[in-house]
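# Observations on chain architecture
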Amino acid sequence: MKTERFSALFQDLTRASKAWCPFTHPDTGLNSDCYAANPRVQSMLEWARKYVQCAKFIDNNRYAVDKMSEISTQLASPERLENHREFLRLVKDFQSSVAFIESDLSEKLDRISCEECARLDEAIVSFSNYCFMASVAMAVSAVENRLIEIIRKKHDRLYRKEFTRFTLGQLIQVFDENQYKAKKYASIKKLLPVKHKPLLLLLNQYRIFPIHPKGEAVNAQIAESNLHLSFTFMIDKATSPYTTAE
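To keep things clear, this report deals only with the structure shown in the data block.

Quick notes on the rules
- Residues numbered from 1 in each chain as written.
- Predicted model: local features only at pLDDT ≥ 70, side-chain atom pairs only at ≥ 80, totals over all residues.
- Heavy atoms only, no water.
- Buried < 20%, exposed > 50% of the residue type's maximum accessible area, 1.4 Å probe, protein only.
- Helix = DSSP H or I, 4+ residues; strand = E, 2+ residues; numbered from the N terminus.
- Arc of directions from axis to C-beta.
- Phe/Tyr/Trp six-rings, centres within 6.5 Å; stacked < 30°, edge-to-face > 60°.
- Lys NZ or Arg CZ within 6 Å of the ring centre and 35° of its normal.
- Axes fitted to C-alpha atoms, helices over the stretch in contact; angles between N-to-C directions.
- Parallel < 35°, antiparallel > 145°, perpendicular 65-115°, else oblique.
- Contact = heavy atoms within 4.5 Å.
- Nonpolar A, V, L, I, M, F, W, Y, C, P; charged D, E, K, R; others polar.
- Salt bridge = Lys/Arg side-chain N within 4 Å of Asp/Glu carboxyl O.

### Structural notes on helix 1 (residues 6–13)
- Within helix 1 the residues assigned to the buried category are F6, L9, F10 and L13. Considered in projection along helix 1, the buried side chains sweep an arc of 95° and stay on one side of the axis.

### Let's talk about the packing of aromatic side chains
- Evaluation of the coordinates by the stated rule reveals 15 aromatic pairs.
- Ring centres of Y35 and F87 lie 6.2 Å apart, and the angle between their planes is 80°; on these two criteria the pair is classed as edge-to-face. Of this pair, Y35 sits in helix 2 (residues 32–37) while F87 sits in helix 5 (residues 84–109), placing them 52 residues apart in sequence.
- Classification of Y35 as buried rests on a relative accessible area of 1%.
- With 6.2 Å between their ring centres and 45° between their planes, F163 and Y185 make a pair best called tilted. Note that F163 is positioned in helix 8 (residues 156–163) and Y185 in the loop between helix 9 (168–174) and helix 10 (186–189), a separation of 22 residues in sequence.
- Residue class for Y185 comes out buried when judged on its relative accessible area of 8%.
- Through pairs of rings, three or more aromatic residues link up here, namely F6, F10, W47, Y51 and F94.
- Positioned above the aromatic ring of F57 is the side chain of K56, whose terminal nitrogen or guanidinium carbon lies 5.2 Å from the ring centre.

### Details of the packing of helix 7 (residues 132–154) against helix 8
- The N-to-C vectors of helix 7 and helix 8 enclose an angle of 125°; their axes lie 5 Å apart at closest approach. Here helix 7 lies oblique to helix 8, going by the angle between them. Across the interface between the two elements, I148, I151, R152 and K154 of helix 7 pack against D156, Y159 and F163 of helix 8.
- Looking at the contact of helix 7 with helix 8 residue by residue, the class counts come to four nonpolar, no polar and three charged.

### A few points about the pattern of salt bridges
- According to the stated counting rule, one finds 18 salt bridges in the structure shown.
- One salt bridge in this structure joins D121 and K50, with 2.7 Å as the shortest N-O distance. Highlighted residues: D121 in helix 6 (residues 114–128) and K50 in helix 3 (residues 39–57), separated in sequence by 71 residues.
- Of the residues examined, K50 reaches a relative accessible area of 22% and is grouped as partly exposed.
- Linking E162 and K184 is a salt bridge whose minimum nitrogen-to-oxygen distance equals 2.5 Å.

### A short note on the side chain of S113
- Position of S113 among the secondary structure elements: in the loop between helix 5 and helix 6.
- You can call S113 buried: its relative accessible area is 15%.

In structure tokens, the structure reads:
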């Protein structure tokens, strides 16, 4: 999504769909078994599901996201589709929702580096595959990378001298008003919005559960909440230290 607009990709995925095997069986309309097994259909559905999932975590217009989710469910149910005309109507409805939120999604993705995107994507894939501990660990590692970049871009020399071996918990302490009171840390402390300080403490607590065997369960609810909170921090303009070119 950072390298290519999804609207163009989805258009390519559904190009010449009338010639797809499920729609070419004579006298049967849409062949349900063929539709369910067709690689092009499955590829389209997989991309649609992933887009909906990402749009939800990136906090795009929830009405549009829910509408896309409903459409993708209908597209995945061949028994609901009578013919190619109905299929094409749903595809166009999905594309309309994509067009509605795409600019907002792209703007928010511009605040996340490729390294952070890779970590967040792995967190989403882990969550989708019920690997909740891995999802929490990868999402919070993206947040940790962001904290490092916030500090490094403001004071690279100080970062290299003091912070290169810091854990996430130690990095968070740098922004605590009761710690690191020396004058050299004053400008760094101003980089983090106050509203995000309790959020970071909570994410660090979540991170401890899967990284260190504390006997604490990491269930789907915790993992999904962790993803939402991680994305909330990452897409905030105030926490993104990157230039447009970067």
